[in-house]
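# Observations on chain architecture
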Amino acid sequence: MSLELSRALRSWRERVTPAEVGIPDVGLRRTPGLRREELAALAGISVDYLVRLEQGRARHPSPQVLGALARALRLSAAEHDLLWRAAGTQTPASGCVPQHVGPGVARIMDSLAHTPVAVFTASWDLVVANALWVCLFELSERLPARERNLVWRHFRDLPNHVVHTKEEHQQFGRQLTADLRRATAVYPNDRTLAELVRDLRESSSDFVEQYDTFALTPRRSQPKTIDSPAVGLVTLDCDVLTTLDSDLRVMVYSTRPGTDSASKLDLLRVVGSAQFGS
């Protein structure tokens, strides 16, 4: 399997152009596609580890590494499954929450690089976020799995830079709980989701009360005020887009040009560029 994985990774890497992933195409390239160091940076892994994967010397990469490579390589859903099989890893079973970010969603994120954008699963696990989102919220996909879940963070009172009144906090909790109940109905075989619900029931009486009402609170787009460590208080419109094929949630923050919040977003871009080199 390691030989098949190494061949697949090299083939997919050579297929992706720098322009597709927003990388400047500088210098001569001995082969088409991305350089190893470029793919490694996009996937958040070391160049040495990528070399060992491509040479068949590294075995059993983690699901997190496979997911990051699939996103960086712009793999389709079928190619994503092939990647997992080539790595000797069981593909996510049917009835489980989808986490794969396909080429279309990746291009959406590329086109919205000027504004904070993040992609979540149907159960509100953070899958990937751009540099502006990370600067705004200090929340990224590199956190431990449970800490990337918005429902867990809300009911466990983990740090949250969104400024809520008590009523808004409760309303947000009801919306998250309703989304989690929908997810458990649609994805009954997802063990991680079941464990999340179990742990929330054991640790939060507020969650139990809301979850057991079976109320499906509708979600509405509305402005949010964020107390950002980088730029202070900023009020932005928050819109959540749902993908039809993969049931992902694309959360986008934006503001009207010429406002104080627009100026703070401009400053946030400078901070993000300095922090991430993008």
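Preceding this section is the structure that the text describes.
Now for a quick tour of the structure. (Residues numbered from 1 in each chain as written. Predicted model: local features only at pLDDT ≥ 70, side-chain atom pairs only at ≥ 80, totals over all residues. Heavy atoms only, no water.)

### Comments concerning the pattern of salt bridges
Under the definition given, this model contains 13 salt bridges. Ionic pairing is found between Arg13 and Glu54, a salt bridge with its closest N-O pair at 2.7 Å. In this pair, Arg13 is assigned in helix α1 (residues 2–15) and Glu54 in helix α3 (residues 47–54), connecting sequence segments 41 residues apart. Assigned by exposure class, Arg13 and Glu54 land together as buried. (Salt bridge = Lys/Arg side-chain N within 4 Å of Asp/Glu carboxyl O. Helix = DSSP H or I, 4+ residues; strand = E, 2+ residues; numbered from the N terminus. Buried < 20%, exposed > 50% of the residue type's maximum accessible area, 1.4 Å probe, protein only.)

### Brief notes about the pairing of strand β2 (residues 126–129)
Relative to β2, strand β1 (residues 117–120) runs antiparallel, the two being bridged by 3 bridges. Within β2, the position partnered with Phe120 by the bridge is Leu126. In sequence, β1 turns back onto β2 through a hairpin of 5 residues, with Trp124 there showing a positive phi of about 70 degrees. (Pairing = 2+ DSSP bridges.)

### Section: the pairing of strand β5 (residues 232–242)
One ladder, built from 7 bridges, connects strand β4 (residues 222–228) with β5; its direction is antiparallel. Bridging across to β5, Pro223 finds its partner in Asp237. The antiparallel hairpin formed by β4 and β5 contains 3 residues in its connecting segment. Bridging between β5 and strand β6 (residues 249–254) involves 6 bridges; their strand directions are antiparallel. The residue bridging Leu241 from the neighbouring strand is Val250, located in β6.

### Topic: helix α2 (residues 36–43)
Considered for burial, the residues of α2 that qualify are Glu38, Leu39, Ala40 and Ala43. Just downstream of α2, Gly44 is the residue with a positive phi angle, here 75 degrees.

### Regarding the environment of Ala8
If you trace the backbone, Ala8 turns up in helix α1. Overall, Ala8 belongs to the buried group, its relative accessible area being 13%.

### Structural notes on the side chain of Asp247
On the secondary structure map, Asp247 appears in the loop between β5 and β6. A distance of 2.6 Å separates polar atoms of two side chains, one belonging to Asp247 and the other to Arg249. With near-sequence residues (within four places) excluded, Asp247 lies in contact with Thr121, Ala122, Tyr187 and Thr242. (Polar contact = N/O pair within 3.5 Å; in protein donor to acceptor, adjacent residues only side chain to side chain. Contact = heavy atoms within 4.5 Å.)

### Quick look at the packing of helix α4 (residues 63–72) against helix α5 (residues 77–86)
Remark: α4 packs on α5, axes separated minimally by 10 Å, with the N-to-C direction vectors making an angle of 145 degrees. Once α4 is placed against α5, the crossing between them reads as right-handed. Together, Pro63, Leu66 and Ala70 of α4 and His80, Leu83 and Trp84 of α5 make up the contact between the two elements. By residue class, the composition of the contact of α4 with α5 is 5 nonpolar, 1 polar and no charged. (Axes fitted to C-alpha atoms, helices over the stretch in contact; angles between N-to-C directions. Left-handed = near helix turned anticlockwise from the far one by under 90°. Nonpolar A, V, L, I, M, F, W, Y, C, P; charged D, E, K, R; others polar.)

### Here we look at the side chain of Thr177
With respect to the helices and strands, the residue Thr177 is situated in helix α9 (residues 166–186). Owing to a relative accessible area of 4%, Thr177 belongs among the buried residues under this scheme. Polar side-chain contacts of Thr177 include one of 2.8 Å to the backbone oxygen of Gly173. Apart from the residues within four sequence positions on either side, Thr177 is in contact with Phe155, Phe207, Gln210 and Tyr211.

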